[in-house]
Amino acid sequence: MAQTAKAASESRRGLVNVRMAAEDRNIIDRAAKVAGKTRTEFMVDAARRAAQETLLDSSLIVVDGKTFDRFRKIFDAPAKPNERLQKLMNLKAPWES
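Residues numbered from 1 in each chain as written. Predicted model: local features only at pLDDT ≥ 70, side-chain atom pairs only at ≥ 80, totals over all residues. Heavy atoms only, no water.

Caption draft 1: Looking closely at the overall build of the chain. A tally of regular secondary structure across the chain gives five helices and zero strands. The secondary structure elements of the chain, listed N-terminal to C-terminal, are α-α-α-α-α. Within the chain, buried positions represent 3% of all 97 residues. When the accessible surface of the chain is totalled, it reaches about 10000 Å², and 57% of it is carbon and sulfur. (Helix = DSSP H or I, 4+ residues; strand = E, 2+ residues; numbered from the N terminus. Buried < 20%, exposed > 50% of the residue type's maximum accessible area, 1.4 Å probe, protein only. Areas by Shrake-Rupley, 256 points an atom, 1.4 Å probe, with all protein chains shown as cover.)

Below, the structure is given as structure tokens:
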């Protein structure tokens, strides 16, 4: 019965063939190895991440006028003092030390 469940699970997975230059495949293989993933896992993760970023970049958020005015007021307000940010900005960059 375990074999049947496994076969059913695998049959639901789609197959995608990708043609690419050997140079591209080699760098993907190297990165996958460093990440401790198979080529397929690495490529699916990278493709999913790129797809999510693309979808998020194209999302439209619609709000009413009152909400938008409130947002603009907050966005346009001068920055408030932030001790942690001040400390960070006063640190020397590692290459300047």
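Caption draft 2: Quick look at the packing of helix 2 (residues 22–35) against helix 3 (residues 39–57). For the pair helix 2 and helix 3, the least separation of the axes is 9 Å and the interaxial angle reads 95°. Looking at the two axes, helix 2 sits roughly perpendicular to helix 3. Between helix 2 and helix 3, the residues in contact are R25, I28, D29, A31, A32 and A35 and R39, F42 and M43, respectively. Of the residues assigned to the contact of helix 2 with helix 3, the class counts are six nonpolar, no polar and three charged. (Axes fitted to C-alpha atoms, helices over the stretch in contact; angles between N-to-C directions. Parallel < 35°, antiparallel > 145°, perpendicular 65-115°, else oblique. Contact = heavy atoms within 4.5 Å. Nonpolar A, V, L, I, M, F, W, Y, C, P; charged D, E, K, R; others polar.)

Caption draft 3: Inspection of the packing of aromatic side chains at higher detail. Counted under the stated rule, the structure contains two aromatic pairs. Ring centres of F71 and F75 lie 5.6 Å apart, and the angle between their planes is 20°; this geometry places the pair in the stacked category. You can see F71 and its partner F75 sitting in helix 4 (residues 65–76), four residues apart, about one turn around the helix. Feature note: the residues F68, F71 and F75 constitute an aromatic cluster, connected by ring pairs. (Phe/Tyr/Trp six-rings, centres within 6.5 Å; stacked < 30°, edge-to-face > 60°.)

Caption draft 4: Highlighting helix 4. Its 12 residues give helix 4 an end-to-end C-alpha distance of 16 Å, which sits within 8% of 16 Å, the value for a rise of 1.5 Å per residue. Burial analysis of helix 4 places just zero of its 12 residues in the buried class, which makes it a mostly uncovered element. For helix 4, the side-chain oxygen to backbone nitrogen distance between the N-cap and K66 is 3.1 Å, and the N-cap itself is D64. (Expected span 1.5 Å × (residues − 1). Polar contact = N/O pair within 3.5 Å; in protein donor to acceptor, adjacent residues only side chain to side chain.)

Caption draft 5: Region of the structure containing the pattern of salt bridges. Summed over all chains, the structure comprises three salt bridges. The residue D29 makes a salt bridge to R39 at a minimum N-O spacing of 2.6 Å. Of this pair, D29 sits in helix 2 while R39 is found in helix 3, placing the two residues 10 residues apart along the sequence. Exposure remark for D29: the relative accessible area of 25% places this residue in the partly exposed category. Three or more residues are tied together by salt bridges with common partners; here these are K37, D45 and R48. (Salt bridge = Lys/Arg side-chain N within 4 Å of Asp/Glu carboxyl O.)

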